[in-house]
Amino acid sequence: MMLYSVLHNELWQKPLPFTSLSHEQFVKLQQASAKQTVEGLVMGALIRNNVKLERADALLAYSRTMMIEQLNRKVNAVAKELATILANDDIDYRIFKGQTLALLYPHPETRMPGDIDFYCVPNHFARAQQLLQKAWGITLGGEESMQHRDFSYKDVPLEMHFCMMKFNSHAIQTYWDRLLAEASIEQVSIEGVAVNTLPPTLNVLYTFLHLYHHLVELGVGLRQFCDLLVLLHRHCETIDRVALEKHLRAMGFYRAFCAIGAVLINKLNLPANEFPFTISASDAQYQDAILDIVFIGGNFGKHHSNTAVRSGMRYNIEATMRKLRHYRLFWRLSPREIRATLVKELPRKMVMLGFKRGNR
């Protein structure tokens with residue numbers, strides 16, 4: 001697949017198998033990369049390799065690359081402000097995903113940015129809200145989700161987390177919460193500003209759990225796989241493999257982690273020795289099923305739906321049926337969390353769907 005070849009070039013500097021693209025080839029590649037939220041990586045690689053394109057295609061590649069670079073500068077600026085405000089008042093926080101992972105890419109400016117996710121420890125959360133409201137002249141009102149409060153500043157969306165990761169299994173949730181509470185602070189530099197984030201081993205665990213959660217629920221794009229890949233590659237010498245295995249087994253996600261690892265090694269060319277564990281044949285066999293979900297649904301499964309909007313009874317029924325198929329498919333990879341989800345979430349969703357149908 002051409003998309004893989006370009007990603008191999010961008011991530012590993014492997015030579016491209018082509019020097020030019022027809023309009024039809026370019027359109028197919030551009031659309032596939034956009035669907036997987038790796039458009040900046042792909043368009044940037046085409047430009048840096050001087051791939052011969054038709055004039056209109058070259059202009060589009062350049063304009064998309066410039067737009068993504070500008071978005072990254074915009075999000076970086078807000079992330080730096082955020083880190084400075086919180087650090088100056090000794091708020092215990094972590095910025096995670098997003099711009100902290102972009103730093104690990106060969107060309108950070110080409111990773112498609114999203115929102116800024118940051119976590120504040122529970123006893124600092126209210127004070128952090130007050131600080132940001134005062135410093136930025138905003139009001140953090142409205143309803144909270146089960147994990148975070150959403151708002152925006154300078155047209156950059158932010159998610160302020162009081163719960164970094166939500167599990168349906170109480171035991172798994174307790175284990176994760178303890179890990180997070182005991183974790184040391186890692187600092188990275190975003191354009192010269194120190195930013196608190198997760199230490200490498202916990203960062204790998206979280207980035208995988210976030211990817212896998214979305215894969216099982218509705219779908220996920222290649223960007224999340226690339227994020228995990230660059231983490232494993234850049235921190236392969238510092239990751240505590242014994243601790244990581246202990247955490248994955250304790251939480252019931254070891255096999256799922258290995259199944260994702262098969263995709264990283266076989267499709268995105270992560271060196272096998274940089275993946276923390278040996279992947280069994282039974283775990284590797286999930287690779288095709290994982291990639292079907294990735295390429296059909298794209299980023300967070302947004303392209304999988306047959307409905308125009310991601311709401312309403314028809315969409316909810318469709319999404320619930322898709323989740324059930326995924327739960328069945330990945331049952332052996334993470335039975336504890338899937339079982340808890342079926343027991344806890346499914347009855348609630350069925351009641352909600354029945355209520356909505358009854359009030360039509």
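Remember, predicted model here, so these are calculated numbers, not experimental data.

**Overview of the overall build of the protein chain**
- A count of helices and strands for the protein chain gives 15 helices and 6 strands.
- A compact globule built from 360 residues should have a C-alpha radius of gyration of about 21 Å, and the protein chain, at 21 Å, falls within 12% of that.
- The buried share of the protein chain, reckoned over its 360 residues, is 53%.
- For the protein chain, long-range pairs separated by at least 24 residues make up 69% of all intrachain contacts whose partners lie at least 6 apart in sequence.
- Per element, the accessible surface of the protein chain, about 16600 Å² overall, is 53% carbon and sulfur.

**Some points on the nonpolar core**
- Among the nonpolar cores identified, the biggest contains 81 residues, and W176, F208, F225, I290 and F330 are the most heavily contacted of them.
- The greatest single-element share of this core, amounting to 10 residues, is contributed by helix 8 (residues 200-217).
- Sequence-distant contacts of I290, defined by excluding residues within four places in its chain, comprise L215, F225, A259, I260, V263 and F330.
- Among the nonpolar cores identified, the runner-up in size contains 26 residues, and A128, M160, I190 and V195 belong to it.

**Quick notes on the packing of aromatic side chains**
- Going through the model one piece at a time under the given rule, you end up with 18 aromatic pairs.
- Both rings, one in W136 and one in F151, keep their centres 6.5 Å apart while their planes meet at 50°; by these two values the pair is tilted. On the criterion of sequence distance, the pair formed by W136 in helix 6 (residues 122-136) and F151 in strand 3 (residues 148-153) is long-range, its members being 15 residues apart. The two residues W136 and F151 agree in class, both being buried.
- Ring centres of F257 and F275 lie 5.0 Å apart, and the angle between their planes is 25°; on these two criteria the pair is classed as stacked. Here F257 is found in helix 11 (residues 254-266), whereas its partner F275 is found in the loop between helix 11 and helix 12 (281-284), with 18 residues between them in sequence.
- For F257, a relative accessible area of 0% translates into the label buried.
- Ring pairing ties together the aromatic residues F167, F208, Y212, F253, Y254, F257, F275, F277, Y286 and F330, which thus form one cluster.
- A cation over an aromatic ring shows up here: R178 above the ring of Y175, its NZ or CZ 4.8 Å from the ring centre.

**What to know about the pairing of strand 4 (residues 156-161)**
- With 5 of its 6 residues buried, strand 4 lies for the most part within the structure.
- With 4 bridges connecting them, strand 2 (residues 116-120) and strand 4 associate as parallel partners. The residue of strand 4 that forms the bridge with Y119 is H161.
- With 6 bridges joining them, strand 3 and strand 4 adopt antiparallel strand pairing. Counted as the bridge partner of F151 is L158 from strand 4.
- Where strand 3 hands over to strand 4, the hairpin turn is made up of 2 residues, of which K154 adopts a positive phi near 55°.

**Brief notes about empty space enclosed by the protein**
- All chains considered together, the criterion is met by 2 cavities of 30 Å³ or more.
- For the second largest cavity, the calculated volume is near 40 Å³.
- Of all the secondary structure elements, the ones that give two or more residues to the lining of the second largest cavity are helix 4 (55-88), strand 1 (93-96), helix 5 (98-102) and strand 2.
- Partitioning the lining of the second largest cavity into residue classes produces 5 nonpolar, 2 polar and 3 charged.

**Here we look at the pattern of salt bridges**
- What the rule picks out here adds up to 12 salt bridges.
- One salt bridge connects E191 with K80, and the closest N-O pair in it is separated by 2.8 Å. Of this pair, E191 sits in the loop between strand 5 (186-190) and strand 6 (193-197) while K80 sits in helix 4, and the two are 111 residues apart along the sequence.
- Two residues, D227 and R111, come together in a salt bridge whose shortest N-O distance is 2.8 Å. Residue D227 is found in helix 9 (residues 222-234), and its partner R111 is found in the loop between helix 5 and strand 2; the two are separated by 116 residues along the sequence.

**As for helix 9**
- Between the first and last C-alpha of helix 9 there are 18 Å, a value that for 13 residues agrees with the 18 Å anticipated at 1.5 Å per step.
- Across the 13 residues of helix 9, 11 count as buried, placing the element largely inside the fold.
- Tucked inside the fold, the buried residues of helix 9 contact helix 1 (2-12), helix 5, helix 8, helix 11 and helix 13 (287-297).

**So, the state of the cysteines**
- One pass over the structure, following the stated rule, counts 0 disulfides.
- Here C258 is not disulfide-linked; the sulfur of C236 is the nearest cysteine sulfur, at 17 Å.

**Examining the sheet that holds strand 1**
- Judged by pairing direction, the sheet is mixed, and its 4 strands sit side by side in the order 1-2-4-3 without closing on themselves. Edge positions in the open sheet fall to strand 1 and strand 3, since each of these has one partner strand only. Strand after strand, the sheet turns through a mean of 25° between neighbouring axes, direction not considered.
- Most of the contacts of helix 6 go to strand 4, to which it runs at about 155°, and overall it touches strand 2, strand 3 and strand 4.

Rules and cut-offs
- Residues numbered from 1 in each chain as written.
- Predicted model: local features only at pLDDT ≥ 70, side-chain atom pairs only at ≥ 80, totals over all residues.
- Heavy atoms only, no water.
- Helix = DSSP H or I, 4+ residues; strand = E, 2+ residues; numbered from the N terminus.
- Rg over C-alpha atoms; globule rule 2.2 N^0.38 Å.
- Buried < 20%, exposed > 50% of the residue type's maximum accessible area, 1.4 Å probe, protein only.
- Contact = heavy atoms within 4.5 Å.
- Areas by Shrake-Rupley, 256 points an atom, 1.4 Å probe, with all protein chains shown as cover.
- Core = buried A, V, L, I, M, F, W, Y, C linked by side-chain atoms within 4.5 Å.
- Phe/Tyr/Trp six-rings, centres within 6.5 Å; stacked < 30°, edge-to-face > 60°.
- Lys NZ or Arg CZ within 6 Å of the ring centre and 35° of its normal.
- Pairing = 2+ DSSP bridges.
- 1 Å grid on protein atoms, 1.4 Å probe; cavity = no way out; pocket = protein on both sides within 12 Å on 5 of 7 lines; lining within 4 Å.
- Points joined across faces, edges and corners; volume = space filled by probe spheres on them.
- Nonpolar A, V, L, I, M, F, W, Y, C, P; charged D, E, K, R; others polar.
- Salt bridge = Lys/Arg side-chain N within 4 Å of Asp/Glu carboxyl O.
- Expected span 1.5 Å × (residues − 1).
- Disulfide = S-S within 2.5 Å.
- Axes fitted to C-alpha atoms, helices over the stretch in contact; angles between N-to-C directions.

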